[in-house]
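What the coordinates show
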Amino acid sequence: MVSHSRLVVGLTYNLRGESMEPFGTAPPREGHDAEFDEWETVQHLSAVLEDLGYRCVLIGPLPALMERLLRGERWDIVFNLAEGHHGYGREAQVPALLEEWRIPFTFSDPLCLSLCLHKPTTQLLLRQAGVVTAPFAVVRQPHDIDEIDLPYPLFAKPVAEGTSKGIADDSRVDDARQLRLTCTRLWERHGQPAMVERYLPGPEYTVGILGTGADARAVGVSQPLHDQRATPFLTDRRKRDAPGRPGLVRLLQDTGAARRVAGIAVRAWRALGCRDAGRVDLRCDDAGEPHVLDVNPLPGLSPTSALLPLQWESTGRPYRQLIARIMASAEHRLPSSTAPMPASAAARRAGC
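What counts and how
Residues numbered from 1 in each chain as written. Predicted model: local features only at pLDDT ≥ 70, side-chain atom pairs only at ≥ 80, totals over all residues. Heavy atoms only, no water. Helix = DSSP H or I, 4+ residues; strand = E, 2+ residues; numbered from the N terminus. Buried < 20%, exposed > 50% of the residue type's maximum accessible area, 1.4 Å probe, protein only. Contact = heavy atoms within 4.5 Å. Areas by Shrake-Rupley, 256 points an atom, 1.4 Å probe, with all protein chains shown as cover. Disulfide = S-S within 2.5 Å. Core = buried A, V, L, I, M, F, W, Y, C linked by side-chain atoms within 4.5 Å. Phe/Tyr/Trp six-rings, centres within 6.5 Å; stacked < 30°, edge-to-face > 60°. Polar contact = N/O pair within 3.5 Å; in protein donor to acceptor, adjacent residues only side chain to side chain. pLDDT = per-residue confidence, 0-100. Axes fitted to C-alpha atoms, helices over the stretch in contact; angles between N-to-C directions. Parallel < 35°, antiparallel > 145°, perpendicular 65-115°, else oblique. Nonpolar A, V, L, I, M, F, W, Y, C, P; charged D, E, K, R; others polar. Pairing = 2+ DSSP bridges. Salt bridge = Lys/Arg side-chain N within 4 Å of Asp/Glu carboxyl O.

Before going further, it helps to examine the overall build of the chain. Of the regular secondary structure elements, the chain holds 11 helices and 12 strands. Looking at the chain as a whole, 55% of its 352 residues qualify as buried. Taking as baseline every contact in the chain between residues at least 6 positions apart, the subset at least 24 positions apart corresponds to 69%. For the chain, the computed accessible surface area is about 15,300 Å², with 52% contributed by carbon and sulfur atoms.

The next thing to look at is the state of the cysteines. Applying the stated criterion across every chain, the model contains 0 disulfides. Unpaired in this structure, Cys-274 has its nearest cysteine sulfur neighbour in Cys-112, at a distance of 3.6 Å. On the basis of relative accessibility, which here comes to 1%, the residue Cys-274 falls in the buried class.

What follows deals with the nonpolar core. Counting residues in each nonpolar core, the largest one holds 32 residues, and the members touching the most others are Leu-11, Leu-45, Leu-49, Phe-79, Leu-301, Ile-323 and Ile-326. Mapped onto this core, the elements with two or more residues apiece are β1 (8–12), α1 (39–51), β3 (77–80), α9 (307–313) and α10 (319–330). Sequence-distant contacts of Leu-45, defined by excluding residues within four places in its chain, comprise Leu-11, Phe-79, Leu-81, Tyr-319 and Ile-323. Core analysis: the next-biggest nonpolar cluster, separate from the first, contains 24 residues, Val-221, Ala-258, Val-261 and Val-295 among them.

For the coordinates displayed, the defined rule picks out 3 aromatic pairs. Ring centres of Tyr-13 and Trp-39 lie 6.3 Å apart, and the angle between their planes is 55 degrees; on these two criteria the pair is classed as tilted. One end of the pair, Tyr-13, is in the loop between β1 and α1; the other, Trp-39, is in helix α1, and 26 residues separate them in sequence. With relative accessibility at 8%, the residue Tyr-13 sits in the buried group.

Here we take up the side chain of Asp-281. Relative to the helices and strands, Asp-281 resides in strand β11 (residues 277–284). When its relative accessible area of 8% is taken as the criterion, Asp-281 is described as buried. One polar contact links Asp-281 to Thr-206, side chain to side chain, over a distance of 2.8 Å.

For the chain, per-residue confidence averages 87 on the pLDDT scale, and residues scoring 70 or more make up 83% of the total. Across residues 340–350, where pLDDT falls below 50, the model places 19 contacts with residues more than four positions away in sequence or in other chains.

The subject of this paragraph is the packing of helix α4 (residues 110–117) against helix α5 (residues 119–128). Two quantities define a packed helix pair, namely the angle between the helix axes and the distance between the axes. Here α4 crosses α5 at 105 degrees, and the two axes come no closer than 5 Å. The angle between the axes of α4 and α5 places the two elements in the roughly perpendicular class. Of α5, the residues touching α4 (which contributes Leu-115, Cys-116 and Leu-117) are Lys-119, Thr-121, Thr-122 and Leu-125. In the contact of α4 with α5, the residues fall into 4 nonpolar, 2 polar and 1 charged.

What follows is about the sheet that holds strand β5 (residues 154–158). Read across the open sheet, the 4 strands follow the order β4-β7-β5-β6; overall the sheet is antiparallel. Only two strands of the sheet have a single neighbouring strand rather than two, namely β4 (136–139) and β6 (172–173). Where β5 meets β6, 2 bridges bridge the pair, whose relative direction is antiparallel. Within β6, the residue paired with Phe-155 across the bridge is Arg-172. In this fold α5 packs onto β4, β5 and β7 (194–198), with an angle of close to 155 degrees to the strand it touches most, β4.

Here we come to the pattern of salt bridges. Should their charged atoms come close, side chains of opposite charge can pair. Tallied over the full model, the rule gives 13 salt bridges. For the salt bridge of Arg-283 with Glu-204, the shortest nitrogen-to-oxygen distance reads 2.9 Å. In this pair, Arg-283 sits in strand β11 while Glu-204 sits in strand β8 (residues 204–210), placing the two residues 79 residues apart along the sequence. According to the relative accessible area criterion, Arg-283 is buried, its value standing at 5%. Between Asp-276 and Arg-333 there is a salt bridge, and its shortest N-O distance comes to 2.6 Å. With Asp-276 in the loop between α8 (256–272) and β11 and Arg-333 in the loop between α10 and α11 (343–349), the pair connects residues that are 57 residues apart, well separated along the chain. We classify Asp-276 as buried; its relative accessible area is 0%. Judged by its relative accessible area of 25%, Arg-333 is partly exposed. The network of salt bridges with common partners includes Arg-68, Arg-71 and Glu-73.

Below, the structure is given as structure tokens:
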């Protein structure tokens, strides 16, 4: 039996600036690597896993994982940061391969990752579960705009992007002419349909979540602070700068508003079957009713700029403990011959 201290953890990831050559000849989407990790994050996470008593093996992106599996390499569990390059299932590619090889991994399964990346599908499933979302339409071609039966102002974004990619100053539109121009920009730059939803003018929140199913809990709630002279929503440019810049993100205390949005976020997380850790974004309408905008089941883990670690550390808990909790949640899925102790005991051993 493998002891917990010697569990071998493979680490899969995509790096910013990564060569596209192994992934085919199709041109990359605009800002395709915005969600990818910096090498410093990978190094830091690897060191933390080693410090927690695991043996960490750096694997890299999907092609490297494929090559090493075919050579016969195996790991007890994989800590997956890989976002993928192409398609609506790009975040699910590494987990799907690991499922086929019967290797457990952190974070959500391939189905959940694909569903959550495709925002219209996410919204439909959440509505069915009784979670409030904004009314929307999907615009695949110009004549779809003429059939939209939603009151202006509206908000347009790509159907399957993260990190606010595709969101710019022209995303909020006041008439059909503006909507046509914005949708044309999205089609041309991102190569996918546009999701057009009712614009929500109220405050925006991000809720960090840790755990799976009934064990899922909110880690913290944060709110972007908008320059009154700027657009009152996060564009891709501003979001890249916001987490690491003091004053652009406010971490909320345990208030009634924070507890309310946290409760809605956890309901959405459980309804979609998300696992281990992630984030849920919400925004309020003009009556103050929170609507779920987006569910991210594959969170950024940069210790200096990602929201989930910042929310966690804002309560005085170290980054090391966050990673231990994620591993403890994922270890529930280890086969019994590999798992030497319950995940809760592993978490206590790590000082959580």
